[in-house]
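Chain by chain, the residues:
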Amino acid sequence: MLSLHPARKRGNPSSRGPARIGLAIAGGGPIGGMYELGALRALDEALDGLDLTDLDSYVGVSSGAFLAAGLANRLSTEQMCRIFITGDSDDARFRADTFLRPALFEYLQRAASLPRLTLDWWRSVLLDPLDVRWSDLINRFGGLVPTGLFDNAEVERFLRDIFTRRGRSNDFRELDAKLFVVAVELDSGEPVLFGGEGWEDVPISRAVQASAALPGLYPPVEVRGRHLVDGALRRTMHASVLLERDIDLLIGINPLVPFNAGLGDARGGAPVDDDNDGQRLVHGGLPAVLSQTFRTLLQSRMHVGLARYAQQYPDIDQVVFEPNARDGELFHTNAFSFAARRRVCQLAWRNTVDDLRRRASDLRPMLAANGIRLRDEVLEDDDRTLLDGLARRPPRSTETTAKLRRALDATERVIARRDKRPRARARER
C-alpha cells in the first residue's frame, strides 16, 4: 500500500543541484525490520537515480533505526540481505539467538528483592490486617516482574562490531549523511533525538539499542542517567525530523498496518463473514488482539501526521510504503520468528514492486522532478524475486581491501556529484 502526497509548490531541485532526499524508517520488531529490508531492496532495484546509501538524511525508529544506520554507513541493501537473509556474507554473521537471549541478570536482580518485599508485606498484615487489599499485593510485588524478557546488551555488541569495521563508523559525527535515531525517555515521555544537538556523541550502536527497547520485550537502556525505550511510543516514523531539513523528497517505510480480515487473506483465504466466523481475530486470543490494537494505533497516528505534513510542507514530495491490509501472512507470522525472515522479506519486495507498478503514472512526474525514474524492466517482470536481484556472491575481502573499495566508491561519488552540477545549471539556462 502506497501513500502519495505530491508537492503542491514543488521547487526546481536543479537550481541547487541534485535533489535532497530523506529516508524515514519506522519500527516493527524483528519481522517488521525484515519487511522494511525487503521494501528497501525493491526500491534499490526499481528506481534508477536513487542511491539509498547516499541520501541527504535518515531517521530510524526501533528496528528501522538499524537499517537507517546501516544505509547511512553505506551498508547497501544487498549487503544487509546477505547478512540477514541468505547468510552468505563475509562481513558479519547473524545469529537469531543474539536478539533473543533471556535477561538473566535482571531476573536475578528482581528476585533478590523478594525477601525484603515479603517481609514488608507481612509486617503490614500484622500491623493493620483490616486494611490489606489484593490490589496492594499486586502493587507491592509488581517490582518483581522484569522490565524486559530479553537482554539487549548483545544487540548493542552486534551493532558495534558492524559499525566499527571496514571503514564504517559508530560515531554520528563521522558520517557523510545526517543520521537521527529516536528513543523516548521513560520517566518523562519526551523524545530523545540521537544525532541531534547535544546527543551526537552517543555511539550509534547504543542509540539503536535504546530506540529498539520495546517495553516488555527489552529492558530500558540507561544513557546519561536516563532510562530510554522504543521511539515509536511518541511517533511512528518521526518524519518531521527530516522535513524540517528542507529536503525535496521524503521516502517513508512503515511495516505495521492493521489486518483487514474482511478483505480475505492475500494467500486466497476467504474474508470474514457470518458464515466464516473462524477467521475472526478474536479467536487468536490476547496476542492477536494486542497486535491489531497496536498496529491500528500506530498507522492511524502516522496517517494523521502525513496529512498534516502535506499542509505544513507543501513544497516537499512525500511517499510512504506499507504492507497491504489483506496481508494475513504477515500479520499471523510470529513476531519473534527469525526463521520467517526470507519469506517476509520477499513479500515486502513483491508488495513494493507491485505498488510502484500500479501507481506508476502518479509516481513518474514526482520522481522525475527529483532525478529518479522507474525501471520498467523490473516492474514488469512478474517472475523476478528478491534473490534474483542479488549479484553473484562477491569474492571474500579483507579489512584492508574493504576500506580501499569504500574509498574508491567515495571518490566516484564526489566525481558524480560534480558532473551533475554543470548539467543542472545547463537545464536552468
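Residues numbered from 1 in each chain as written. Predicted model: local features only at pLDDT ≥ 70, side-chain atom pairs only at ≥ 80, totals over all residues. Heavy atoms only, no water.

Asks: What is the right way to look at the overall build of the protein in this model?
Replies: Within the protein one finds 15 helices and 11 strands. Relative to its full complement of 429 residues, the protein shows a buried share of 50%. Surface exposure of the protein reaches about 20800 Å², of which carbon and sulfur atoms provide 53%. (Helix = DSSP H or I, 4+ residues; strand = E, 2+ residues; numbered from the N terminus. Buried < 20%, exposed > 50% of the residue type's maximum accessible area, 1.4 Å probe, protein only. Areas by Shrake-Rupley, 256 points an atom, 1.4 Å probe, with all protein chains shown as cover.)

Asks: Is there a simple way to explain the packing of helix 1 (residues 29-46) against helix 3 (residues 77-86) in this structure?
Replies: Describing two packed helices takes the angle between their axes plus the distance from one axis to the other. Following both chains from N to C, one finds helix 1 and helix 3 inclined at 145 degrees, their axes separated by 10 Å at the closest point. In this structure, helix 1 meets helix 3 at a crossing whose hand is left-handed. Of the residues in helix 3, those in contact with Met34, Leu37, Leu40, Arg41 and Asp44 of helix 1 are Thr77, Glu78, Met80, Cys81, Phe84 and Ile85. Taken together, the residues that form the contact of helix 1 with helix 3 break down as seven nonpolar, one polar and three charged. (Axes fitted to C-alpha atoms, helices over the stretch in contact; angles between N-to-C directions. Left-handed = near helix turned anticlockwise from the far one by under 90°. Contact = heavy atoms within 4.5 Å. Nonpolar A, V, L, I, M, F, W, Y, C, P; charged D, E, K, R; others polar.)

Asks: Quick question: what am I supposed to make of the pattern of salt bridges here?
Replies: Opposite charge on two side chains permits pairing when their charged atoms draw close. Taken as a whole and assessed by the stated rule, the structure comprises 26 salt bridges. Residues Arg373 and Asp48 are paired through a salt bridge, measuring 3.1 Å at the closest nitrogen-oxygen approach. One end of the pair, Arg373, is in strand 11 (residues 373-374); the other, Asp48, is in strand 3 (residues 47-48), and 325 residues separate them in sequence. Between Arg359 and Asp362 there is a salt bridge, with its nearest N and O atoms 3.1 Å apart. A residue is classified by how much of its surface remains accessible, and Arg359, at 27% relative accessible area, is partly exposed. By sharing partners, the salt bridges in this structure join Asp90, Asp91, Asp161, Arg165, Arg166 and Arg168 into a single network. (Salt bridge = Lys/Arg side-chain N within 4 Å of Asp/Glu carboxyl O.)

Asks: What is the right way to look at the environment of Asn370 in this model?
Replies: As for its position among the elements, Asn370 is in the loop between helix 13 (360-368) and strand 11. A distance of 3.1 Å separates a polar atom in the side chain of Asn370 from a polar atom in the side chain of Asp317. (Polar contact = N/O pair within 3.5 Å; in protein donor to acceptor, adjacent residues only side chain to side chain.)

Asks: Would you explain the packing of helix 2 (residues 63-72) against helix 3 in this entry?
Replies: Their axes nearest at 10 Å, the elements helix 2 and helix 3 cross at an angle of 130 degrees. By the angle between their directions, the pair helix 2 and helix 3 is classed as oblique. The element helix 2 and its partner helix 3 pack so that their crossing is right-handed. Only Thr77, Met80 and Phe84 of helix 3 make contact with helix 2, whose side of the interface consists of Phe66, Leu67 and Leu71. Partitioning the contact of helix 2 with helix 3 into residue classes produces five nonpolar, one polar and no charged. (Parallel < 35°, antiparallel > 145°, perpendicular 65-115°, else oblique.)

Asks: Looking at this model, I keep getting lost on the UniProt feature "active site" (unreviewed entry) in the protein. Mind explaining?
Replies: Mapped onto this numbering, the UniProt entry gives "active site" (unreviewed entry) at Ser62 and Asp230. Spanning 169 residues, the named residues form one tight spatial group whose C-alpha atoms are at most 5.9 Å apart. By secondary structure assignment, the location of Ser62 is in the loop between strand 4 (57-61) and helix 2. With residues near it in sequence (within four places) discarded, Ser62 still touches Gly27, Gly28, Ser211, Ala212 and Asp230. With respect to the element layout, Asp230 can be found in strand 8 (residues 226-230). (UniProt positions renumbered as here; feature names shortened; annotations may be inferred.)

Asks: Would you mind going over a negative patch on the surface with me for this structure?
Replies: A cluster of acidic residues, Glu377, Glu380, Asp382, Asp383 and Asp388, forms a negative patch on the protein surface. Positionally, Glu380 belongs in the loop between helix 14 (376-379) and helix 15 (399-428). (Patch = residues over 30% accessible without salt bridge, like charges linked within 9 Å, V, L, I, M, F, W, Y side chains within 5 Å. Lys, Arg positive; Asp, Glu negative; His and termini not counted. Charge placed at Lys NZ, Arg CZ, Asp CG, Glu CD.)

Asks: Would you explain the pairing of strand 8 in this entry?
Replies: Residues in a regular strand project their side chains so that they alternate between the two faces of the sheet. Where strand 5 (residues 178-185) lies against strand 8, three bridges are found, and the strand directions are antiparallel. Counterpart to Ala183 in the pairing with strand 8 is Asp230. Bridging between strand 7 (residues 221-223) and strand 8 involves three bridges; their strand directions are antiparallel. Counterpart to Glu222 in the pairing with strand 8 is His227. In textbook terms, the turn of a hairpin is the stretch between consecutive antiparallel strands, and for strand 7 and strand 8 this stretch comprises two residues, one of which, Arg224, has a positive phi near 55 degrees. (Pairing = 2+ DSSP bridges.)

Asks: Would you mind going over the packing of aromatic side chains with me for this structure?
Replies: Ring pairs (aromatic) are described by centroid distance and by the angle formed between their planes. This model, assessed by the stated rule, comprises eight aromatic pairs. Grouped by ring-pair contacts, the aromatic residues Phe66, Phe84, Phe94, Phe158 and Phe163 constitute a single cluster. Geometry around Trp199 places Arg224 over its ring, the cationic atom sitting 4.4 Å from the centre. (Phe/Tyr/Trp six-rings, centres within 6.5 Å; stacked < 30°, edge-to-face > 60°. Lys NZ or Arg CZ within 6 Å of the ring centre and 35° of its normal.)

Asks: Honestly, the confidence of the model for the protein in this entry has me stumped. Any pointers?
Replies: As a note on interpretation, predicted positions should not be read in detail where pLDDT is low. In the predicted model, the protein carries a mean pLDDT of 82, and the fraction of residues at 70 or more is 74%. For the stretch residues 423-429, pLDDT sits under 50, and the model shows five contacts to residues farther than four places along the chain or on other chains. (pLDDT = per-residue confidence, 0-100.)

Asks: Before we go on, may I ask you to explain helix 13 in this structure?
Replies: Residues lying three or four places apart along an α-helix face the same way, a consequence of the helix completing one turn every 3.6 residues. For helix 13, the set of buried residues is Ala360, Leu363, Met366 and Leu367. Down the axis of helix 13, the buried side of the element spans an arc of 135 degrees, and every buried residue falls inside it. Residues of helix 13 that are exposed and point over 90 degrees away from its buried face: Ser361 and Ala368. In this structure, the buried residues of helix 13 make contact with strand 1 (2-5), strand 3, strand 9 (249-253), strand 10 (317-321), helix 12 (341-358) and strand 11. (Arc of directions from axis to C-beta.)

Asks: Looking at this structure, how should I read the nonpolar core?
Replies: A general feature of soluble globular proteins is that nonpolar side chains tend to end up buried together. With 85 residues, the main nonpolar core has Leu179 and Phe194 as its most contacted residues. Ranked by residues supplied to this core, first place goes to helix 1 with nine residues. Apart from the residues lying within four places of it in its own chain, the contact partners of Phe194 are Phe172, Leu179, Phe180, Val181, Ala183, Trp199, Val202, Ala207, Ala210, Val223 and Leu228. Counting residues in each nonpolar core, the second largest holds 20 residues, with Ala24, Leu242, Met302 and Ile316 among its members. (Core = buried A, V, L, I, M, F, W, Y, C linked by side-chain atoms within 4.5 Å.)

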